[in-house]
Amino acid sequence: TQLLEQSPQFLSIQEGENLTVYCNSSSVFSSLQWYRQEPGEGPVLLVTVVTGGEVKKLKRLTFQFGDARKDSSLHITAAQTGDTGLYLCAGGTSGTYKYIFGTGTRLKVLA
Amino acid sequence: DVKVTQSSRYLVKRTGEKVFLECVQDMDHENMFWYRQDPGLGLRLIYFSYDVKMKEKGDIPEGYSVSREKKERFSLILESASTNQTSMYLCASSVPQSTGANNSPLHFGNGTRLTVT
């Protein structure tokens with residue numbers, strides 16, 4: 001069974017701080033997606049990475065896919081209150097429509 | 001923009017009732033999914049469908065069934081609701097990847113919070 005573990009599970013930081021969220025597995029994925037979910041809404045896609053070692057930047061967010069395509073990280077620089085939410089990673093495997101979701105990291109950014 | 005609409009935001013049902021959760025998408029997506037979301041467990045796949053009348057079991061199909069009579073609509077059915085099915089249910093849709101790689105984004109509805117008493 002493929003599993004994706006995220007750490008930390010909870011994170012509360014002050015506005016302006018930096019943070020990193022990790023997504024780890026013993027399985028290899030063909031793609032890794034990151035979603036953010038706000039209260040009362042469904043998850044919304046932030047980014048997809050598909051190549052081992054790939055780094056993508058989305059404004060203050062930097063996403064990295066591990067060389068072996070088993071892990072990923074999300075780094076937020078100078079966090080803002082608008083970054084508050086639940087961050088989910090999801091792994092995709094070639095030849096299947098299924099995605100495996102991580103356990104989630106709940107981030108709270110305090111003003 | 002893709003819109004995935006789940007018919008109910010909140011539902012309260014009694015143990016043993018038959019429950020229908022409805023999901024409609026407006027972008028002609030082939031793939032549709034039902035997940036349940038529980039704290040600390042992330043999203044777990046219940047069922048998915050890659051075409052009309054086609055369905056496949058996900059990781060936790062027990063106690064659930066689905067129906068996809070039309071491309072835009074995917075229904076989740078709880079034949080006899082139980083308290084351990086109290087959860088947030090999320091519907092999603094996506095387009096299939098022609099290359100066989102699985103990296104197509106999932107478009108989610110806003111969820112149905114089901115409470116079974």
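So, how was this worked out
- Residues numbered from 1 in each chain as written.
- Chains lettered and ligands numbered in written order.
- Predicted model: local features only at pLDDT ≥ 70, side-chain atom pairs only at ≥ 80, totals over all residues.
- Heavy atoms only, no water.
- Pairing = 2+ DSSP bridges.
- Helix = DSSP H or I, 4+ residues; strand = E, 2+ residues; numbered from the N terminus.
- Axes fitted to C-alpha atoms, helices over the stretch in contact; angles between N-to-C directions.
- pLDDT = per-residue confidence, 0-100.
- Contact = heavy atoms within 4.5 Å.
- Salt bridge = Lys/Arg side-chain N within 4 Å of Asp/Glu carboxyl O.
- Nonpolar A, V, L, I, M, F, W, Y, C, P; charged D, E, K, R; others polar.
- Phe/Tyr/Trp six-rings, centres within 6.5 Å; stacked < 30°, edge-to-face > 60°.
- Buried < 20%, exposed > 50% of the residue type's maximum accessible area, 1.4 Å probe, protein only.

Draft legend 1. Spatial organisation of the sheet that holds strand β7 (residues 64-70) of chain B. All names here are of chain B. Pairing in this open sheet of 4 strands is antiparallel, and the strands run β1-β3-β8-β7 from one edge to the other. The open sheet is flanked by β1 (4-6) and β7, the only strands paired with a single partner. Here the average twist between neighbouring strands, direction ignored, is 20°. The pairing of β7 with strand β8 (residues 73-78) spans 5 bridges and is antiparallel. Bridge assignment links serine 67 to a residue of β8, and that residue is serine 75.

Draft legend 2. Layout of the confidence of the model for chain A. This prediction gives chain A a mean pLDDT of 93; 98% of its residues lie at or above 70. Taking the mean pLDDT of every element in chain A, the minimum, 90, falls on strand β10 (residues 99-101) of chain A and the maximum, 97, on strand β3 (residues 19-24) of chain A.

Draft legend 3. Quick peek at the interface of chain B and chain A. Contact with chain B, which involves 25 residues of that partner, is made by 27 residues of chain A. Counting across the chain B and chain A interface gives 1 salt bridge. Between A:Lys98 and B:Asp59 there is a salt bridge whose closest N-O contact spans 3.2 Å. For the side of chain B that touches chain A, the secondary-structure elements that each account for two or more residues are β4 (31-38) and β5 (42-51) of chain B. Residue contributions to the side of chain B that touches chain A peak at 5 residues, all from β5(B). Across the side of chain B that touches chain A, the residue classes break down as 13 nonpolar, 10 polar and 2 charged.

Draft legend 4. Just the sheet that holds β3(A), in detail. Residues and elements named next belong to chain A. Strand order in the open sheet formed by 5 strands is β1-β3-β8-β7-β6, and the pairing between neighbours is antiparallel. The open sheet terminates on both sides in strands that have one partner only, identified here as β1 (5-7) and β6 (55-58). When the angles between neighbouring strand axes are averaged without regard to direction, this sheet yields 15°. As defined by bridge partners, β6 adjoins strand β7 (residues 61-65) across 4 bridges and the pair is classed as antiparallel. Note on β7: the bridge partner recorded for leucine 58 is leucine 61.

Draft legend 5. Fine view of the packing of aromatic side chains. Inspection of every chain in the model, using the stated rule, returns 10 aromatic pairs over all chains. Consider the rings of A:Phe101 and B:Phe108, whose centres lie 6.1 Å apart with planes at 75°: the pair is edge-to-face. One end of the pair, A:Phe101, is in strand β10; the other, B:Phe108, is in strand β10 (residues 107-108), on a second chain. The exposure class of B:Phe108 is buried, given its relative accessible area of 10%. Judged by centre distance (5.9 Å) and plane angle (20°), the rings of B:Phe33 and B:Phe48 are stacked. Note that B:Phe33 is positioned in strand β4 and B:Phe48 in strand β5, a separation of 15 residues in sequence. Judged by relative accessible area, B:Phe33 falls into the buried class, the value being 0%. Using a relative accessible area of 2% as the deciding quantity, one classes B:Phe48 as buried. Through pairs of rings, three or more aromatic residues link up here, namely A:Tyr35, A:Tyr99, A:Phe101, B:Phe33, B:Tyr35, B:Phe48 and B:Phe108.

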